[in-house]
Amino acid sequence: MTNLFGLDRAQLRAAFAAMGEKPYRADQVMQWIYRRGQDGFDGMSNLSKDLRARLARHFEIRTPELVTEQVSTDGTRKWVLRLDGGNAIETVYIPEEGRATLCISSQVGCAMDCSFCSTAQQGFNRNLTTAEIIAQVWFAARTLGGDFHGQHWKDRDQPEDERGGRVISNIVFMGMGEPLANYSAVLPAIRILLDDFGFGLSKRRVTVSTSGLVPYMDRLREDVDTALAVSLHAPDDALRDEIVPINRKYPIAELLDACRRYTAGKDRKTHIVYEYVMLDGINDRPEHARKLAKLLAGMPAKVNLIPFNPFPQTRYRRSSPEAIQAFAKILRDKHILTTTRKTRGDDIDAACGQLVGKVMSRQKNRLGTRIGDVPVTTA
């Protein structure tokens, strides 16, 4: 049985054509799934009974199984969702004034071996399918009772029950895993997120975060050209080699060249977000800030400083608020757009870098010891 969450519009139309059905029937099914929240065929009233019966024989709309839900004091929600094979992933909902972001996973564990990330320390089991990626978004929207196709949250002056706003306004591939290492599944998932018959989000509201898989950054620009965030975390190769091992394959100069290509020819407001986790005494000194400012000078860049979120057995500590403020001031004085991420959901281990899920049969030879073997799946 094919899970329809795993088919973008082109794939679904091809499946319907193979059944002898008109392509627009596929569009109708997508609308039932993503606009009306249907998870069965019986309720698709504009399809004939015969077609609904045929669909039920060949397809399913399989939703994830909820293991646990935790709600933070700041409104952040973390869901642990069970997958086949005994694994589980974590998906996080972060509501804020004027927007609400869903952080989704793309792999079970992660092979990139970034030393400050709790997910990476779990090892790697497997890639998620497109269906498992999209199911996270559908599950969250259904659970929260939202409408992806209503007005955005801007109508704050209206009574809450009359706003009709999207309960999720932004999607970020910043959960478990390296999205670009699972390119063959992530690409159709993005297409479903952007499709008017899918979730209907704009490109600037879907962000892919990468540790720096340069060839797939170039492919992403050509294929869907969505928003991009780069996990930089260090201003020079020596330090980045240590904390972000993929840097040994794609060093900073090569990475930044790819970033320039990604923004070339775009609207002048387009920029890449450079994520920079603040590690006490490691990468948070004034000289690091000055190096970073020099590195990004003249580029369409926004630096997002992330206070480190400790996890068991980590050797790192969070930089002090004073060190973070001083670091940010140096960047701003050098005219680098800089923000400091507010820690959300840390009381339920849902903050950045803390997601672990349940990773069965972990691969122990991670990227740190096999730098020449970057595990990537492509179409």
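Note: the structure precedes this text.
Below is a summary of the structure that appears in this document. (Residues numbered from 1 in each chain as written. Predicted model: local features only at pLDDT ≥ 70, side-chain atom pairs only at ≥ 80, totals over all residues. Heavy atoms only, no water.)

Let us now look at the packing of aromatic side chains. For the coordinates displayed, the defined rule picks out nine aromatic pairs. Considering the side-chain rings of Phe5 and Tyr34, the 6.3 Å spacing of their centres and the 50 degrees angle between planes classify their relative orientation as tilted. Highlighted residues: Phe5 in the loop between strand S1 (2–3) and helix H1 (9–18) and Tyr34 in helix H2 (residues 23–34), separated in sequence by 29 residues. Here Phe5 falls in the buried class, since its relative accessible area comes to 0%. For Tyr34, a relative accessible area of 5% gives the class buried. Lying across the ring of Trp32, Arg36 places its NZ or CZ 4.2 Å from the centre. (Phe/Tyr/Trp six-rings, centres within 6.5 Å; stacked < 30°, edge-to-face > 60°. Helix = DSSP H or I, 4+ residues; strand = E, 2+ residues; numbered from the N terminus. Buried < 20%, exposed > 50% of the residue type's maximum accessible area, 1.4 Å probe, protein only. Lys NZ or Arg CZ within 6 Å of the ring centre and 35° of its normal.)

Grouped together as the largest cluster of nonpolar side chains are 111 residues, with contacts concentrated most on Phe116 and Tyr274. At ten residues, the largest contribution of residues to this core is made by helix H4 (residues 130–144). When residues no more than four places from it in sequence are discounted, the contact partners of Phe116 are His233, Ile243, Val244, Val277, Leu279, Phe308, Phe311 and Tyr316. (Core = buried A, V, L, I, M, F, W, Y, C linked by side-chain atoms within 4.5 Å. Contact = heavy atoms within 4.5 Å.)

Our focus in this paragraph is the environment of Leu7. Relative to the helices and strands, Leu7 resides in the loop between S1 and H1. If sequence neighbours within four positions are ignored, Leu7 has contacts with Thr2, Leu12, Phe59 and Ile192.

With twelve residues, helix H8 (residues 252–263) should cover 16 Å at 1.5 Å per step; its first-to-last C-alpha distance of 17 Å lies within 8% of that length. Buried within H8 we find Ile252, Leu255, Leu256, Ala258, Cys259, Tyr262 and Thr263. Buried residues in H8, looked at end-on, bunch into an arc of 155 degrees, giving them a common side. Residues of H8 that are buried in the fold lie against helix H6 (214–223), strand S11 (227–231), helix H7 (237–243), strand S12 (272–278) and helix H9 (286–296). Gly265, located one to two residues past H8, shows a positive phi value of around 80 degrees. (Expected span 1.5 Å × (residues − 1). Arc of directions from axis to C-beta.)

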